[in-house]
Amino acid sequence: MSGVNNDAIQACLELILQSPPGQQSHIVSDLKGMLAGAVPGTEWMERVRSILLQYTHEQLLHVTIEHEGKQDSAIVCDAAKMGDKYYHPRLSCSFSYDPIHESVSEVSSVPRSTSDTETLRAEVDQQLSKYVLNHYHTGVSCAYLPRLVPQTTSDANAETVTISTMQDKQKEKENNLELWDGANQEQPVQQMPGRVDNCDSQVTSGNDTPPAITSQPCILTLHIVGNKYNLRNFWTGRWRSTYKFDVSTQVFKHADIQVQTHYFENGNVQLQAQHSMALPEFVSTKPESLAKDVIQAIEHHEQVYQAKLFDATDTLREHAFKALRRTLPITRQKIDWSKIVSYKVGSDMAK
C-alpha cells in the first residue's frame, strides 16, 4: 500500500470515529495491519492519537481515577479539559490521558473553589449520581463548570497591576492616577491572582504579574454515559446524554440523547438514534431545590424518549420487519408447523 495517498489514509483513519461501542481497539488493530505498508510506526502513533482522542471526547469514554485514597470514574470529554490535562471535580484533581493505551497519569490535586456556582455544581452532581445509580445498570455521570485557564498575552497595551509591599502601594496608586481622566479618580484594580469570577471553579497561583484571564458563561455541563458490552454474545450498546444548563437564566441551552447498539452475530446490524428537545425553565432560590428540579426534568426527558424508542422498535418488529419476510414459500402453500418433523425438505426440493 505504499502508493496510497494521504487523503485515502486519513479516510481510513476516520473509520475509527464510527467504531461500535467497546470495539474501537479492534478497529484500530485492523487498520494498523491494513496500513502497515503506507504509514510508518512512528507516524501511525501520532496520526491515530488525535483520532482516538476525538473519538474519546465524542463517545464520553471514562477512566478510573485514584487520588488521595479515593477511587472514582472520570469522563474524558471537552467539558473536563483544563489546558493539556483533564479535570475531575468530584475528586478535585487533574490528570493526563493517553488515548493510545487508554491510561491515566500525572494525577494531581487542584484547589476547590468556594463560590456559589461551585456549591450548586456539587449539589447537581450529587443528585445526578443518585439518578444514574437508580436508572442505569452501569452508568457514569458528572457535572462540570467552565474552567478559567490563565493565558499569557504579548499585547503591550494590556493593563497589569503589580502589587508589591505595603509601603509601595501608596506610591504606585499616585503614579497610576496620571493615566486616568479626573484628578481624584482612582485606578480600578484588576482581579488578583487566586481570585475567580462567580462562574469559575479554578484557583490560580499568585505571580508577580497576574496572567490575563478570560471570563466564561455560567453554564453547567452534565454528562451521562451508560455502556453495556457483551462481546461473547455479539452485541454492545451505549447511551449518552448531554445537558447544558444556564445557571443565571435557569434555562437548558442544550439537551441531547444519543443511543447506539451493535449486533454482529452472523451479520452486522447497528442502531443509531439521536433525540434533542427543549426543556422547561426553572425558577428556584435555593441551590438544593434547583438541583433537584434540574435532575427531575432530565429524568422526565429521558423516560419520555425511552418510551418513544420502545414504541419505534415495536413498530419495526410488528410491521416493517414482517413486511420484509416472504408470506408464503415458493410452493405458495402454507407450512403446517405441527408436521414439520415429517417433511422431507431435501427430497421435495430435489423433485
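These figures come from a predicted structure and were not determined experimentally.

Asker: Please provide a residue-by-residue account of the overall build of the protein chain, values included.
Answerer: From N to C terminus, the protein chain includes seven helices and eleven strands. A burial count over the protein chain gives 36% of its 351 residues as buried. Look at the contacts in the protein chain between residues 6 or more apart in sequence, and 56% of them connect residues 24 or more apart. Carbon and sulfur atoms make up 51% of the accessible area of the protein chain, which totals about 21600 Å².

Asker: Tell me about the nonpolar core, and please be specific about residues and values.
Answerer: By size, the foremost hydrophobic cluster in this structure holds 30 residues, and its most contacted members are Leu222, Tyr243 and Ile298. Contributing elements (two or more residues each) for this core: α4 (116-135), β8 (219-230), β9 (235-246), β10 (251-263) and α6 (287-324). Broken down by element, the residue count for this core peaks at eight residues, all from α6. When residues no more than four places from it in sequence are discounted, the contact partners of Leu222 are Val124, Leu128, Cys142, Ala143, Ser241, Thr242, Tyr243, Val294, Ile295 and Ile298. Val63, Cys77, Cys93 and Tyr144 belong to the second largest nonpolar core, which has 17 residues in total.

Asker: Give a detailed account of the side chain of Thr117, specifying residues and quantitative values.
Answerer: The topology assignment puts Thr117 in helix α4. Looking at Thr117, the relative accessible area reads 9%, which means it is buried. Engagement of the side chain of Thr117 in a polar contact is seen with the side chain of Ser115, the distance being 3.2 Å.

Asker: Give a description of the packing of aromatic side chains that names residues and reports values.
Answerer: Evaluation of the coordinates by the stated rule reveals seven aromatic pairs. Judged by centre distance (6.2 Å) and plane angle (70°), the ring pair of Tyr243 and Phe252 falls under edge-to-face. Here Tyr243 matches Phe252 in class, with each residue buried. Among the aromatic residues, those joined into a cluster by ring pairs are Tyr131, Tyr136, Trp239 and Tyr305. Here Lys81 stacks its cationic end above the ring of Tyr86, 4.9 Å away from the centre of that ring.

Asker: Tell me about the sheet that holds β9, residues and numbers included.
Answerer: Taken together, the five strands give an open sheet; going across it, the order is β7-β8-β9-β10-β11, and neighbouring strands pair in antiparallel fashion. For this open sheet the edge positions go to β7 (139-144) and β11 (269-276), each flanked by a neighbour on one side alone. Along the sheet, successive strands turn relative to each other by an average axial angle of 10°, direction set aside. Sheet analysis places β10 next to β11, joined by eight bridges and oriented antiparallel. By the bridge assignment for β11, Ile257 is matched with His275. Helix α3 (residues 41-59) rests against β8, β9 and β10 of the sheet, and its axis sits at about 70° to β9. Against the sheet, α4 touches β7 and β8, its axis set at about 165° to β7.

Asker: If you had to explain empty space enclosed by the protein to someone new, which residues and values would you point to?
Answerer: All chains considered together, the criterion is met by one cavity of 30 Å³ or more. Taken as a whole, the largest cavity encloses approximately 40 Å³ of empty space. Forming the boundary of the largest cavity are Gln24, Leu52, Tyr55, Thr56, Leu61, Tyr97, Pro99 and Glu102. If one sorts the elements of the lining of the largest cavity by residue count, α3 sits on top with three residues. Class assignment for the residues of the lining of the largest cavity results in five nonpolar, two polar and one charged.

Asker: Give me the environment of Leu128: which residues, what numbers.
Answerer: For Leu128, the location among the structural elements is in helix α4. Relative accessible area serves as the criterion here: at 0%, Leu128 is assigned to the buried category. Measuring from C-alpha to C-alpha, the distance between Leu128 and Ala291 comes to 8.6 Å, with 163 residues separating the pair along the chain. Other than its neighbours up to four places away in sequence, Leu128 contacts Ser141, Cys142, Leu222, His223, Ile224 and Ile295.

The rules behind each value
- Residues numbered from 1 in each chain as written.
- Predicted model: local features only at pLDDT ≥ 70, side-chain atom pairs only at ≥ 80, totals over all residues.
- Heavy atoms only, no water.
- Helix = DSSP H or I, 4+ residues; strand = E, 2+ residues; numbered from the N terminus.
- Buried < 20%, exposed > 50% of the residue type's maximum accessible area, 1.4 Å probe, protein only.
- Contact = heavy atoms within 4.5 Å.
- Areas by Shrake-Rupley, 256 points an atom, 1.4 Å probe, with all protein chains shown as cover.
- Core = buried A, V, L, I, M, F, W, Y, C linked by side-chain atoms within 4.5 Å.
- Polar contact = N/O pair within 3.5 Å; in protein donor to acceptor, adjacent residues only side chain to side chain.
- Phe/Tyr/Trp six-rings, centres within 6.5 Å; stacked < 30°, edge-to-face > 60°.
- Lys NZ or Arg CZ within 6 Å of the ring centre and 35° of its normal.
- Pairing = 2+ DSSP bridges.
- Axes fitted to C-alpha atoms, helices over the stretch in contact; angles between N-to-C directions.
- 1 Å grid on protein atoms, 1.4 Å probe; cavity = no way out; pocket = protein on both sides within 12 Å on 5 of 7 lines; lining within 4 Å.
- Points joined across faces, edges and corners; volume = space filled by probe spheres on them.
- Nonpolar A, V, L, I, M, F, W, Y, C, P; charged D, E, K, R; others polar.

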